[in-house]
Amino acid sequence: VIRLAVALALAVGLAGPAVAAPKVMTYHLASAPDLLDPAKCSNLRCQRVMWPLYEPLVNLSGDLKAVTPGLAESWDVGADGLTYTFHLRKGVKFHDGTPFNAAAAKINLERNFLPGSAHYTAVPPNVRERQLGGLIKDVAVLNEHTLTIVLKSPKVHLLFLAPMVSPGALDRYGARLGESPVGTGPFRFVRATADEIRLAAFADYWGGRPKLDEISFRIISRSDRTMDEFLAGRIDFLPEVEPVYLERLRTPRTTLVRIPTLSIYYLGFRVDRPPLDDVRVRQALARAIDVERMVLFNSRGMAVPAYGPIPPGGDAYDAGLKRSRYSPEGARRQLAEIGHAAGLKLSLVVNADWGFLAELAQAVKVDLAKVGVAVELVPKSGWKDLVAAVRQGTGDLFIYNWFSIFTDPEIFLAPNYESGSADNLTRYGNPVFDALLQQARVTGDPAARLELYRRAQRILVEDSPILPLFHEVRVSAYRTRLSGVELTVHSQPVDRFTRIDIRGE
Amino acid sequence: VRRLLGRCRALYQGASLQTKFALRVVLSTALLFGVLLPVVLYIQTRALLSAVEDSGFRVAEIFARSSVQAVVADDYLVMQHVVNGISSERRVRYAMLLKNDGEVLAHTRALERGRRYTDPISAAAAATDGPLLQRHSPREGGPVYDFAVPVYVLGEKRATARVGFSIRAEQAEIARTRNYIIFLGLSVLSLGVAWASVEAGRMLRPVQALVRGTREIARGNLGHRIPVAGGDELGQLAMAFNRMTDSVQALLETSRELSSTLDPDAVLASVAGHALDLVKADLAAIAPLERQTGEARIKVVLGARTERLATLTIRPGRGIGGAVLASGEPVISADYLRDPGLVHDPGYDDACREEGIVSTVAVPITLKGNIVGLLWMAHRSPRAFSHEDVDALRRMAHQAAIAMENARLYDETRVKTARLESLLGMSRAITATLEPGRIVAIVRQAVTDLMGGVARVWVLRPDHTHLVPVPDGHGEDGGGVEVGHGLVGTVAATGRLLIVDDVGDDRRVVRPDPVEGGGRVAFLGLPLLREDRLLGVLEIAARAPYRFTEDDVSLFSSFAQQAAIALENAGLFQALKTSHEELITAQTELVRKTRMAAMGQLAAVVAHEARNPLGAVSNCVQLLRGNPHITGEDAELLAIVQTETQRLNDIVSDFLAFGRPRPPQFQAVHLHDVIAATLAALRRDDRCPESVAFATKFDPDVPVIRGDPDQLRQVFWNLFLNAVEVMPRGGELRVETRHSPPRVDVVVHDSGPGIAASVLPRIFEPFFTTRAAGTGLGLAIVQRIVEEHGGEIAVNSEQGVGTWFTLSLAVQPKNS
């Protein structure tokens, strides 16, 4: 027995170095993605996993400002701005060996955007229907590698980002494609379990075999365990770090990356009923709240003060917007002038899940108390509950947020403030504002559109249905054994993980 | 519990050594770790928790100091900032600032601000004047150490900084340590068990070989030997075991031979042979001790080159054997010839020198504590015998002792058997012969065979004054002796047995000696008695000095009894002879009677020859009687002829029936029918007077018997005819039957005058008759026929009353 054990140990010892350990990068997910089918799921969880699996015709640059070649090497835009001709990359294959060509691209576009076409998928709902459904007029295959798309209107920004799935896999799996995703990306799907999704390098990737051998998406919901695992070196990449753990991650083996997100957190006023239907009251309250100090003291560096409804990063961001100066005395005086010298009683609905928001609410309460406004806090768990409560009429004040993955100003202006929009929780309504948005939608000239959005922003700040609080800064952390990590605005590795390598610490 | 313990103990005791060894290793390891575990955990727990206490107070202290400015300014944001900073510490579960009344100023969970805590822990924390540690376990998240440090501003307590430290990490650490130790313990345990098993297996292999060997031997495979590996204790044990097995095998074979043979010499030779094998010696000898001389004579020698050893006699005190005889203990001599501790005998030494003997050992053969012989072994090489050898030899010696004892017992038994055989022979002879001389010869032969002595039987003469020897065909008849004189006469006179060990010294001896011509003779005289009647004397004498034992006396007493019986038988035989002669006289009379019967037969022959002419005469007379011409006197004369012819014919018939009896022709016979038919025939006969009445009384149980109906009819005819003829003036003939199994009785009675008592015994004799006209054969014929039917006939008669004939007939005659 001893001899056998020695022999075994020797064999293992000798064989060990001969077999190079595969390079596996581990990536944290707080919860499992719903479905790995780009037509069915577009939330961040899905996108994080789909990022290395699928590619669209074109990409956005890391700062989201430039459109760069993807599966289309180049494209021509017709004089009308509605006809696009894409010249597709040659020699591209899906993970299942199906060649990528114009026909495959057409199928994917139809699947996503053309209701009534053979491949259009509605059940479960197509995620793009609301945003872009019916935008495409026609898709035509000119030849194997050339594709023409005719649009109904020049709203182009999202269209070509639709990830391409293998037509062969569509035939094979149909509605269950999401369980066996097949794309053209640098990594192919291996398996999915309750706590892990594993991808492996796609050897035939058109851009060359990636440096990593495998990516392991580890699904851990408990943040303290996530932190332990990361600190123990069993997770390489944390796309999102909770503020409370930031201090602990300041170690030599960890690199922290702060990326401002396309987000706005604001204090919303119910403008549809007294006392906040009076813009002067809203302006007085805004003067009484020291937003900068709150963000400065308590955001832990994960927020920057906001002054307008649109986050920095896009062309529509207006750096010239200012808020009224913090002045409790001025505010009190103003309230007295309006007739609220005796003070006010307001309620504030807050999502208590994130401590920072609770602290903000407390700070608002403290600040308003100084001007004679008593605030009662109404904590809610999660955004869904908060939205439901506010829609039902709970609270005079609420802290809410809005996110986008694109810099398009439309997304930050229309849903929250346009009259009659479902997400317009403040019940703000201004025909001038609405008209400006509508005008911008149909304006082809980008500069003219930007000007329209600037005017709309100024009107919104003037009307003060909200008090902009902050833009969130997302912090990602990765172990320094990873090299080639460069992140997009959404904290995704640029070039879909292909630049990342494991070099050791 | 006690029963369980007992069971465990029983299980443990029944387990193999290997299991026990492993079990002990397991137990000691488990014990070690059982002690180690709590100690290590205790130390670790104390170290970890005191570290938590230290850092907890430090953090709470920092918290309190950092909060002073914010508390003074009542700046919520700064307070929350500080709380957040404290909360970001890894183990901090919560941090809060409490006002003195328990109201929350800032809390890790911001929404807690404004609440007032009244629970005891919070109250104690809010009220404390100095650092305070409270331990508690909230509903979730595990146990917490709650540190509270007051916030002082200018000596006044304004708030309390309170921090909850989770000790889950410490508990996990302690649990991990515990698991490590348990894992380590289990590893050590399993390694220990494996090691113990392997090691125990290795160490126990020889033991198991021993156990196997024991089992083999227990199973009877004495040829099994254990391989000896190494010279350690186990090797020595194996060697000792093998030697023991050799010894057991030798003993077993010896005892087997002991039980299979009764030849003591063969057994001794076998014992010596096994002893030789057992100790690997060159020579072996066994010398039984002779009790009379106290010396031991070598009886068996194995391995000797010369004949010399076989002739040696070992005397006590001389040589090694003598030393053993003297001391009763085994003696070892590594170099016999040069051993100064022994008394050397030139004879022994020479013999040893011739054989080339160097080393010897002698062991006593003892039985019930007595030395009965010697077992002696020798090497021709200078190889000393060990004490183990001596032990083995002692066991063999014990076997030898048993063999010798067996042989002695066998010898004794053999003598006894011989005695019994001679006694038996004598009894047989006495029942087979009536000649006193022959009996004496047998006694004499037996005595010679058993003790080499002589025997003589003296008979008392009828005058009771002298005894004479019974001649047995071997001479030495000599003359008689007078009763009361000499040894034999003394025996006869006293009627008691007499033993004389030395005849030469006895004054009762009559000179010259009647038995032998002088010399030393032992004498045993036994009276021959038959129902206290002296018939003679049995004299037994030894030619050499001899001591008569009790066994001898009892045996010869038996002889004497037999001889007495024989003598008496002889006397009775003489008497028998006399009566035999009387018998012959009687026989002569019988012959005479037989001769008469022959005459009867002769008469029958004559009657037969006379019958035919008689028949012709009778026929002629019948014809003449029918002739009408014969009348008058002629007719009377013819009637006379006819009557006389009839009479003659009857006579001739009787003669024929008697003289020429024919054997009965047996067949089924209804006795009553025969009787009735006979009576009917009688009634028609002229000789039957009318005045005689017939009466019958038949037993209905009388069965059909086997008999000859004609002959039976003859019997009844003769009886009935006799009966009616004695009643010429009337009377009664009465016939009765009676079934008395297995016979049938028939009684025939007449009321005639009866038969005279003097005549009655002879009525069945042939030719005896009281009537002038009778042939005297009727009843004789009746008697013969009845006897031929296996029956009997008896007669009773009373004067004036009548006569009864009683027939007793067998239902199933033997010769039928």
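To be clear, the structure that these remarks concern was listed above.
Everything numeric in this text was worked out from a predicted model, so none of it was measured.

Criteria and cut-off values
Residues numbered from 1 in each chain as written. Chains lettered and ligands numbered in written order. Predicted model: local features only at pLDDT ≥ 70, side-chain atom pairs only at ≥ 80, totals over all residues. Heavy atoms only, no water. Helix = DSSP H or I, 4+ residues; strand = E, 2+ residues; numbered from the N terminus. Buried < 20%, exposed > 50% of the residue type's maximum accessible area, 1.4 Å probe, protein only. Contact = heavy atoms within 4.5 Å. Areas by Shrake-Rupley, 256 points an atom, 1.4 Å probe, with all protein chains shown as cover. Axes fitted to C-alpha atoms, helices over the stretch in contact; angles between N-to-C directions. Parallel < 35°, antiparallel > 145°, perpendicular 65-115°, else oblique. Left-handed = near helix turned anticlockwise from the far one by under 90°. Buried area = accessible area lost by both parts, 1.4 Å probe. Salt bridge = Lys/Arg side-chain N within 4 Å of Asp/Glu carboxyl O. Polar contact = N/O pair within 3.5 Å; in protein donor to acceptor, adjacent residues only side chain to side chain. Arc of directions from axis to C-beta. Pairing = 2+ DSSP bridges. Core = buried A, V, L, I, M, F, W, Y, C linked by side-chain atoms within 4.5 Å. Phe/Tyr/Trp six-rings, centres within 6.5 Å; stacked < 30°, edge-to-face > 60°.

Along its length, chain A carries 14 helices and 20 strands. Relative to its 505 residues, chain A shows a buried fraction of 54%. Restricting to contacts in chain A with at least 6 residues of sequence separation, those with at least 24 account for 66%. Taken as a whole, chain A presents about 21,500 Å² of accessible surface, with 54% of it coming from carbon and sulfur.

With that settled, the discussion passes to helix H8 (residues 319-327) of chain B. Burial runs high along H8(B): seven of the nine residues are buried. A positive backbone phi angle near 80° is found at Gly328(B), which sits one or two residues after H8(B).

With that settled, the discussion passes to the packing of helix H10 (residues 355-370) of chain A against helix H3 (residues 76-87) of chain B. Two elements in contact, H10(A) and H3(B), have axes whose closest approach is 10 Å; the angle formed by their N-to-C orientations is 160°. If you check the angle between H10(A) and H3(B), you find them roughly antiparallel. In terms of crossing hand, the pair formed by H10(A) and H3(B) is right-handed. Touching Glu359(A), Gln362(A), Ala363(A) and Val366(A) of H10(A) are Tyr76(B), Leu77(B), Gln80(B) and Asn84(B), all from H3(B).

On the chain B side, the residues contacting the 19 residues of chain A number 16 residues. Summing the contributions of chain A and of chain B, the shared interface buries around 1,500 Å²; its carbon and sulfur component is 58%. In terms of surface lost to chain B, no three residues of chain A exceed Arg248(A), Phe297(A) and Gln362(A), which account for 33% of the buried area on that side. Run the count over chain A and chain B and you get one salt bridge. Measuring nitrogen to oxygen at the nearest pair gives 2.1 Å for the salt bridge that ties Arg293(A) to Asp75(B). At the boundary of chain A and chain B, one finds six residue pairs in polar contact (both at pLDDT 80 or more). At the level of secondary structure, the elements contributing two or more residues to the side of chain A that touches chain B comprise helix H8 (291-298), H10 and strand E16 (373-380) of chain A.

Before going further, it helps to examine the pattern of salt bridges. Residues and elements named next belong to chain A. As enumerated under the stated definition, the model contains 50 salt bridges over all chains in all. Residues Glu-247 and Arg-250 are paired through a salt bridge, measuring 3.5 Å at the closest nitrogen-oxygen approach. For Asp-408, the salt bridge goes to Arg-449, with nearest N and O atoms at 3.9 Å. Here the residue Asp-408 occupies a position in the loop between strand E17 (397-403) and helix H12 (409-417), and Arg-449 occupies one in helix H14 (residues 446-463), the gap between them amounting to 41 residues. The exposure class of Asp-408 is buried, given its relative accessible area of 10%. Several salt bridges converge on common partners, so that one network encompasses Arg-191, Glu-196, Arg-198 and Glu-214.

Let us now look at helix H9 (residues 328-338) of chain A. All names here are of chain A. Along H9, the residues classified as buried are Pro-328, Gly-330, Ala-331, Gln-334, Leu-335 and Ile-338. With its buried residues spanning 160° around the axis, H9 presents them on a single face. Summarising the geometry of H9, the exposed residues directed more than 90 degrees from the buried face are Arg-333 and Glu-337. Close packing links the buried residues of H9 with helix H7 (279-288), strand E15 (344-351) and E16.

Let us now look at the sheet that holds strand E23 (residues 743-750) of chain B. All names here are of chain B. Read from one edge to the other, the open sheet built from five strands follows the order E20-E22-E23-E25-E24, with strand pairing classed as mixed. The outermost strands of the open sheet, each flanked by one partner alone, are strand E20 (692-697) and strand E24 (792-798). When strand polarity is set aside, the average angle formed by the axes of neighbouring strands in this sheet is 15°. Looking at chain direction, E24 and strand E25 (residues 802-810) are connected through seven bridges and run antiparallel. Among the inter-strand pairings, Glu-798 is bridged to a residue of E25, identified as Gly-802. Along the sheet, helix H15 (residues 671-684) makes contact with E20, strand E22 (731-740), E23 and E25, crossing E20 at roughly 175°. Running at roughly 140° to E24, helix H17 (residues 778-788) makes contact with E24 and E25 of the sheet.

All names here are of chain A. The residue Ala-203 is located in the loop between strand E9 (196-201) and strand E10 (214-219) in this model. What makes Ala-203 exposed here is its relative accessible area of 52%. In this structure, the C-alpha to C-alpha distance between Ala-203 and Phe-187, residues 16 residues apart in sequence, is 8.4 Å.

Here we take up the nonpolar core. Residue and element names in this part refer to chain A. Ranked by size, the top nonpolar core spans 77 residues in total, and within it Leu-267, Leu-348, Leu-368, Val-373, Ile-399, Phe-433 and Phe-470 carry the most contacts. For this core, the element with the highest residue contribution is H10, accounting for nine residues. If near-sequence neighbours (up to four positions away) are discounted, Phe-433 is found in contact with Leu-413, Tyr-417, Glu-418, Tyr-428, Ala-456, Ile-459 and Leu-460. With 60 residues, the next largest nonpolar core counts Phe-94, Leu-199, Ile-215 and Phe-217 among its residues.

All names here are of chain B. Burial analysis of strand E1 (residues 92-99) places six of its eight residues in the buried class, the great majority of the element. Of the pairings in the sheet, the one linking E1 to strand E2 (residues 104-107) comprises three bridges and is antiparallel in character. Each bridged residue has a counterpart across the sheet, and for Met-96 the counterpart in E2 is His-107. Following E1, the chain reverses through four residues before pairing antiparallel with E2; Gly-102 in that reversal takes a positive phi of roughly 95°.

Residues and elements named next belong to chain A. Under the defined criterion, the tally for this structure stands at 29 aromatic pairs over all chains. Taken together, a centroid distance of 5.7 Å and an interplanar angle of 55° make the contact between Tyr-27 and Phe-497 tilted. On the criterion of sequence distance, the pair formed by Tyr-27 in strand E1 (residues 24-29) and Phe-497 in the loop between strand E19 (482-483) and strand E20 (501-502) is long-range, its members being 470 residues apart. Comparing Tyr-27 with Phe-497 shows no difference in burial state: the two are buried.

Moving on, we get to the environment of Glu636(B). All names here are of chain B. Here Glu-636 shows up in helix H14 (residues 632-659). A relative accessible area of 56% means that Glu-636 is categorised as exposed. Sequence separation of Glu-636 and Arg-625 is eleven residues, and the distance between their C-alpha atoms is 9.8 Å.

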